[in-house]
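So you can see what is in the structure, the chains are spelled out below.
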Amino acid sequence: MTETQKPHSEQEWTRRKAMAVAAGGIAAAGLGGTAFAASASSEHGGATAAGADAEVCYRLTSETVEGPYYIDADKLRRDITEDREGIPLLLALNVIDSDTCRPLGNAAVDIWHCDATGVYSGYENQGNGGGGGPAPTGEPPTGAPTGAPAGGGHREPTDDTRYLRGTWRTDRHGQVSFRTVFPGWYRGRCVHVHVKVHVDGEWTDAGYEGGRTCHTGQLFFDEESVLASAAVEPYASNAAERTTLAEDTIYDRSGARGGLLRLRYDRRRIGRGVHATLTVGVDPEATEDGQGRPPQPSASASASATGSGSASGSGSAG
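What counts and how
Residues numbered from 1 in each chain as written. Predicted model: local features only at pLDDT ≥ 70, side-chain atom pairs only at ≥ 80, totals over all residues. Heavy atoms only, no water. Helix = DSSP H or I, 4+ residues; strand = E, 2+ residues; numbered from the N terminus. Contact = heavy atoms within 4.5 Å. Polar contact = N/O pair within 3.5 Å; in protein donor to acceptor, adjacent residues only side chain to side chain. Core = buried A, V, L, I, M, F, W, Y, C linked by side-chain atoms within 4.5 Å. Buried < 20%, exposed > 50% of the residue type's maximum accessible area, 1.4 Å probe, protein only.

Peer 1: Give a detailed account of the environment of S229, specifying residues and quantitative values.
Peer 2: Counting through the fold element by element, S229 comes out in helix α3 (residues 223-229). Separated by 40 residues in the primary sequence, S229 and R269 have C-alpha atoms spaced 9.6 Å apart. Those residues in contact with S229 that sit more than four places away from it in its chain are I87, F182, Y235 and I270. A polar side-chain atom of S229 sits 2.7 Å from the main-chain carbonyl oxygen of V226.

Peer 1: Hey, could you go over the nonpolar core for me, with residue numbers and the actual values?
Peer 2: Counting residues in hydrophobic clusters, the biggest one holds 41 residues, and the most contacted among them are L93, V109 and F221. Aside from chain neighbours lying at most four places away, what touches F221 is L89, F182, P183, V191, H192, V193, V226, L245, L260, L261 and L263. Counting residues in each nonpolar core, the second largest holds 8 residues, with Y69, I71, Y123 and Y186 among its members.

Peer 1: Residues and numbers for the side chain of T277, please.
Peer 2: Mapped onto the fold, T277 is located in strand β10 (residues 274-282). On the basis of relative accessibility, which here comes to 12%, the residue T277 falls in the buried class. In this structure T277 touches A92, L261 and R262, once residues within four positions along its chain are discounted.

Peer 1: Give me the environment of T64: which residues, what numbers.
Peer 2: Mapped onto the elements, T64 comes out in the loop between α2 (50-56) and β3 (88-97). Note on T64: relative accessible area 6%, which makes it buried. Within the structure, T64 has its side chain in polar contact with the backbone nitrogen of Q218 (distance 3.4 Å).

What follows is the structure, given as structure tokens:
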């Protein structure tokens, strides 16, 4: 590794400081070589009340199932795009200890997701859900064999492709960013990105070794942004049946706490790029392997899937 990491500051973070980091994120001067407009008229998800923001860092971000298409970190990089076409996406995460609000520095963050046509690298022969494609990664159906793996069951990779997968370390402020493309969709799931946070491991020339996974989650996109992306190629050519946020079996309807991203983009030209941010609250002492059942929403949760990733929440059962 060419970068070094200093231990995060032991200074106690106040709610105000945590809010400032969450709101500021990592500035996006450009995405994929194109200018990125982020005016007030083009922002999505930036109007959450300050009081709601202040609560986020004191709550754990929802744990979800890992799904069957995880491949252990073997690509240490922040730009995971490779040759995939799609809307440029800058994903900026702020990882904090949900109990103290202190930034979690030197943690390893994995992300992985399908491409614009719904295909996962490493599993290209699975297609995009049209006849033998990716199965829903939620709860197994009633009556499933008792020996079936939980969390959708891991599948061994079928090829050597690794696009749209990567691992990088958080800095001393708990921040990490990735350049990728806006995900597409496949049968049975809404548009999403998978994420894992690992702690207490060691960074070596071979990668990140040892330690444990303290968070396994998924990040979600509001319905308005997905509909806008669907009008742009190559998303427009994705003929797979699309599951909306309101229909998804994983998203737990709790807004930012449940992984609903805050998005900024030009409403008239989403193809120029999207900037997504989220504060992820984790328990550094926990072990979350993502093999359990996904959390269930409360009966009183809102079923609205429009709007931004605010702490008040919107979306569907998970």
